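# Fold and geometry: a report
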Amino acid sequence: CRLFPLPPKLFSSSEKTRCRNLLILGKDTLPQDSQEALTSIAEKPTVEPVELQKAYARLFLGTGEVTIPLCESAWTSGDTPLLCQKPQDECRTLYEAEGLSITGDNNIPEDHLGAMLGFSIVLLLKDKTEKVRDFFAKHPAAFIPAVVKAVRAEARKDDPYLDVMVLLEALAGLMVAKH
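So, how was this worked out
- Residues numbered from 1 in each chain as written.
- Predicted model: local features only at pLDDT ≥ 70, side-chain atom pairs only at ≥ 80, totals over all residues.
- Heavy atoms only, no water.
- Helix = DSSP H or I, 4+ residues; strand = E, 2+ residues; numbered from the N terminus.
- Buried < 20%, exposed > 50% of the residue type's maximum accessible area, 1.4 Å probe, protein only.
- Contact = heavy atoms within 4.5 Å.
- Areas by Shrake-Rupley, 256 points an atom, 1.4 Å probe, with all protein chains shown as cover.
- Phe/Tyr/Trp six-rings, centres within 6.5 Å; stacked < 30°, edge-to-face > 60°.
- Salt bridge = Lys/Arg side-chain N within 4 Å of Asp/Glu carboxyl O.
- Axes fitted to C-alpha atoms, helices over the stretch in contact; angles between N-to-C directions.
- Parallel < 35°, antiparallel > 145°, perpendicular 65-115°, else oblique.
- Nonpolar A, V, L, I, M, F, W, Y, C, P; charged D, E, K, R; others polar.

## Things to note about the overall build of the chain
Secondary structure summary: the chain contains 9 helices and 0 strands in total. N-terminal to C-terminal, the α/β element order of the chain is α-α-α-α-α-α-α-α-α. When each of the 179 residues of the chain is scored for burial, the buried share is 39%. For the chain, restricting intrachain contacts to residue pairs at least 6 apart in sequence, the fraction spanning at least 24 positions comes to 64%. When the accessible surface of the chain is summed, it comes to about 10,500 Å², and 55% of that surface belongs to carbon and sulfur atoms.

Below is the structure:
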């Protein structure tokens, strides 16, 4: 959740603990190469929060040479990337059906990758495995490959988001393969 900012009230502390435990238990369901990548990433020194914030700003907020959008609409709206398109509306409808909404002054669109990953975790916590697979296949998987490619092209050699892209790629592959 710290890697892609989410609305602060999305999870209660007990849900955060359960989420962390699900991620640890789920490691063994990944393909061998993804398990090895996850182990390798876990063994690296912890990235200082300020360094993670700087990398995030450089890649995704426009302080670097290229701004990589984290909203599905930007990747699926055609030649001219546009925000606030159909994927945002579809995600909002799905969130509302589960009693969720993005509130506050954070201006995070419903089709933001962080919100989508958070929603996927909420569905898993509710034991709605098929629903999360359907959602993931239709929404995050539609643009994760493009985000991964863009980050790999723009990231610095030691950028912490390179590891995040390995994990995103593994997660997308797992969710789509099981769909």
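## Considering the packing of aromatic side chains
Aromatic ring pairs are described here by two measures, namely the spacing of the ring centres and the angle between the planes. By the definition in use, this model includes 6 aromatic pairs. On the basis of an interplanar angle of 55° and a centroid distance of 5.1 Å, the ring pair of Tyr 56 and Phe 60 is categorised as tilted. Of the two residues, Tyr 56 and Phe 60 are both situated in helix α3 (residues 49-60); the distance of 4 residues between them amounts to about one turn of the helix. The buried category is assigned to Phe 60, whose relative accessible area is 8%. Three or more aromatic residues joined by ring pairs form one cluster here, namely Tyr 56, Phe 60 and Tyr 161.

## Section: unusual backbone geometry
In this structure, Asp 127 takes a positive phi of about 60° despite not being glycine. Within the fold, Asp 127 resides in the loop between α6 (113-125) and α7 (129-138). Using a relative accessible area of 60% as the deciding quantity, one classes Asp 127 as exposed.

## A short note on the pattern of salt bridges
For the structure shown, the criterion picks out 12 salt bridges. The residue Lys 54 makes a salt bridge to Glu 51 at a minimum N-O spacing of 3.6 Å. Here Lys 54 pairs with Glu 51, and both are found in helix α3, just 3 residues apart, close to one helical turn. Residues Lys 86 and Glu 90 are paired through a salt bridge, measuring 3.7 Å at the closest nitrogen-oxygen approach. Taken together, the residues span about one helical turn, with Lys 86 and Glu 90 both in helix α5 (residues 86-97) at a distance of 4 residues. Taking relative accessible area as the criterion, Lys 86 reaches 58% and is therefore assigned exposed. Three or more residues joined by partner-sharing salt bridges are found here, namely Glu 98, Lys 126, Lys 128 and Lys 131.

## Describing the environment of Ser 101
Within the secondary structure, Ser 101 sits in the loop between α5 and α6. Between the alpha carbons of Ser 101 and Phe 119 there is a distance of 9.8 Å; along the sequence they are 18 residues apart.

## Examining the side chain of Gln 88
Tracing the chain through its elements places Gln 88 in helix α5. Judged by its relative accessible area of 8%, Gln 88 is buried. Setting aside chain neighbours within four positions, we find Gln 88 in contact with Ser 73, Pro 109, Glu 110 and Asp 111.

## Quick word on the packing of α7 against helix α8 (residues 140-154)
Describing two packed helices takes the angle between their axes plus the distance from one axis to the other. Contact geometry for α7 and α8: axes closest at 4 Å, N-to-C directions at 50°. Relative to α8, the element α7 is oriented oblique. Along the contact surface, α7 presents Phe 135, Phe 136, Ala 137 and Lys 138, while α8 presents Pro 140, Ala 141, Ala 142 and Ile 144. Considering only residue class, the contact of α7 with α8 consists of 7 nonpolar, no polar and 1 charged.

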